[in-house]
Amino acid sequence: MPRDGEADAPGVDPQQFWLGSDRPRRGRKPAYSREAITAAAVALADAEGLEAVTMRKVAAQVGAGVMSLYSYAPDKETLLNLMVDHVSGELPTTDTLTGDWRADLKAVAHLQRALMLRHPWLPAALSTHRTPGPHTLAFLERALTALRPTGLDGAAKLEVFAQLTAFVAGHTAHEIAQATASRSPDRAAAEARYLAAVAADGRHPELAEALSSPGRPLAPEATFTRFLNRLIDGLTTD
């Protein structure tokens, strides 16, 4: 049985895990559920970060013994899968698509970004996410439906969704890190002077030209939208 700090033990059968009962088959009916354990882990990650999520702390949150939690999530990777799927339930999946696949896919990306901003640990958790649960699959189904007008085959549509999710996770992780970093006005001014000196040294003409061009809006939402437009507008040639 795994312990906090030890390597995760693979081998959970995803069909049995996601489609079977969320309660242990043996023993008396417990006072808590997989849903309660997952919600406690999510609350812990939201408050203290993903590194704070240990079986011991989650057990303390729900008032359970540590060993009993392994009946619901046999390892940390499984718990992360549960957490990812839990918060994915916040994503809308039933509102009507427009039929404009680019607009619909951009809407998907904005929903993903908003979710990650609400749960800043999510981009890191996605890097270890293995098997999608029901909420994750429902949102994937929506994204694939949005891509239907492209005429891409199924494998290509899955690749597009993976590419989009990776972009959103990477961009949002950087956005969160920038927002939480201590970056004083003096430090920003010093960095600007440094780049101006580099641009003037004659050895970086392309960089000098780039720095002299008109600036772009730096608001996080505007920056994300600009990058997203470049990504999606180049996905197909039609």
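Residues numbered from 1 in each chain as written. Predicted model: local features only at pLDDT ≥ 70, side-chain atom pairs only at ≥ 80, totals over all residues. Heavy atoms only, no water.

Chemist: I would appreciate a short explanation of the pattern of salt bridges in the present structure.
Modeler: Two side chains with opposite charge may pair up if their charged atoms get near one another. In the structure shown here, the tally under the stated rule is eight salt bridges. Here Lys57 ties to Glu48 by a salt bridge, and the two come within 3.7 Å at their closest N and O atoms. Taking the shortest distance from any N to any O, the salt bridge between Glu90 and Arg118 comes out at 3.0 Å. Placement of Glu90 in the loop between α5 (76-88) and α6 (101-118) and of Arg118 in helix α6 is noted, with a sequence separation of 28 residues between them. A relative accessible area of 36% means that Glu90 is categorised as partly exposed. One salt-bridge network, in which partners are shared between bridges, spans Arg102, Lys106 and Asp233. (Salt bridge = Lys/Arg side-chain N within 4 Å of Asp/Glu carboxyl O. Helix = DSSP H or I, 4+ residues; strand = E, 2+ residues; numbered from the N terminus. Buried < 20%, exposed > 50% of the residue type's maximum accessible area, 1.4 Å probe, protein only.)

Chemist: Sorry if this is basic, but what is going on with the packing of helix α2 (residues 34-48) against α5 here?
Modeler: If you want to describe how two helices pack, look at the angle between their axes and the distance between the axes. The interhelical angle for the contact between α2 and α5, taken along N-to-C directions, is 85°, at an axis separation of 9 Å. As summarised for this structure, α2 and α5 are arranged roughly perpendicular, according to the angle between their axes. Contacts between α2 and α5 involve Arg34, Glu35, Ile37, Thr38, Ala39, Ala41, Val42 and Ala45 from the first element and Leu79, Leu82, Met83, His86 and Val87 from the second. (Axes fitted to C-alpha atoms, helices over the stretch in contact; angles between N-to-C directions. Parallel < 35°, antiparallel > 145°, perpendicular 65-115°, else oblique. Contact = heavy atoms within 4.5 Å.)

Chemist: Help me out: how do you make sense of a nonpolar patch on the surface in this one?
Modeler: Taken together, the side chains of Tyr194, Leu195, Leu207 and Leu211 define a hydrophobic patch exposed on the protein surface, amounting to about 380 Å² of accessible area. Elements with a contribution of two residues or more to the nonpolar patch: α10 (185-199) and α11 (205-212). Along the polypeptide, Leu195 turns up in helix α10. Here Leu195 falls in the partly exposed class, since its relative accessible area comes to 38%. (Patch = residues over 30% accessible without salt bridge, like charges linked within 9 Å, V, L, I, M, F, W, Y side chains within 5 Å. Areas by Shrake-Rupley, 256 points an atom, 1.4 Å probe, with all protein chains shown as cover.)

Chemist: Please clarify how the environment of Tyr32 should be interpreted in this entry.
Modeler: The topology assignment puts Tyr32 in the loop between α1 (14-19) and α2. Separated by 37 residues in the primary sequence, Tyr32 and Leu69 have C-alpha atoms spaced 9.8 Å apart.

Chemist: When you look at the side chain of Lys106 in this model, what are you seeing that I'm missing?
Modeler: Of note, Lys106 is situated in helix α6. Within the local environment of Lys106, its side chain forms a polar contact with the side chain of Asn229, the two groups lying 3.1 Å apart. Beyond its immediate stretch of four places on either side in the chain, Lys106 contacts Leu228, Asn229, Ile232 and Asp233. (Polar contact = N/O pair within 3.5 Å; in protein donor to acceptor, adjacent residues only side chain to side chain.)

Chemist: I keep staring at the side chain of Lys157 and nothing clicks. Help me out?
Modeler: In this structure, Lys157 sits in helix α9 (residues 154-180). Put simply, Lys157 is tucked away with no salt bridge, and the nearest opposite charge, on Asp153, sits 8.0 Å away. (Lys, Arg positive; Asp, Glu negative; His and termini not counted.)

Chemist: What is the right way to read the packing of α6 against α9 from this model?
Modeler: One can describe the packing of α6 onto α9 by two numbers: an axis separation of 10 Å at closest approach and a directional angle of 40°. Classified by the interaxial angle, the pair formed by α6 and α9 is oblique. Between α6 and α9 lies a crossing of right-handed hand. Counted together, Leu105, Val108, Ala109, Gln112, Arg113, Met116 and Leu117 of α6 and Val160, Phe161, Leu164, Thr165, Val168, Ala169, Thr172, Glu175 and Ile176 of α9 form the full contact between these two elements. (Left-handed = near helix turned anticlockwise from the far one by under 90°.)

Chemist: What exactly am I supposed to notice about the environment of Ile176 here?
Modeler: Considering the arrangement of structural elements, one finds Ile176 in helix α9. Classification of Ile176 as buried rests on a relative accessible area of 17%. In this structure, the C-alpha to C-alpha distance between Ile176 and Leu117, residues 59 residues apart in sequence, is 7.4 Å. Excluding residues within four positions of it along the chain, Ile176 makes contact with Met116, Leu117 and Pro120.

Chemist: How should I be thinking about the packing of aromatic side chains in this particular structure?
Modeler: Geometrically, a pair of aromatic rings is defined through the distance of the ring centres and the angle of the planes. All told, the structure shown has two aromatic pairs when counted by the stated rule. Each ring, one from Phe17 and one from Trp18, has its centre 5.1 Å from the other, and the planes form 85°; the classification is edge-to-face. Summarising the burial analysis for this pair, Phe17 and Trp18 share the class buried. Measuring from centroid to centroid gives 5.7 Å for Phe167 and Phe224, while their planes differ by 20°, and the two rings are stacked. Of this pair, Phe167 sits in helix α9 while Phe224 sits in helix α12 (residues 220-233), and the two are 57 residues apart along the sequence. Note on Phe224: relative accessible area 0%, which makes it buried. Note that Arg34 overlies the ring of Phe17, its terminal NZ or CZ placed 4.2 Å from the centroid. The ring of Phe224 carries Arg113 above its face, with NZ or CZ at 5.3 Å from the centroid. (Phe/Tyr/Trp six-rings, centres within 6.5 Å; stacked < 30°, edge-to-face > 60°. Lys NZ or Arg CZ within 6 Å of the ring centre and 35° of its normal.)

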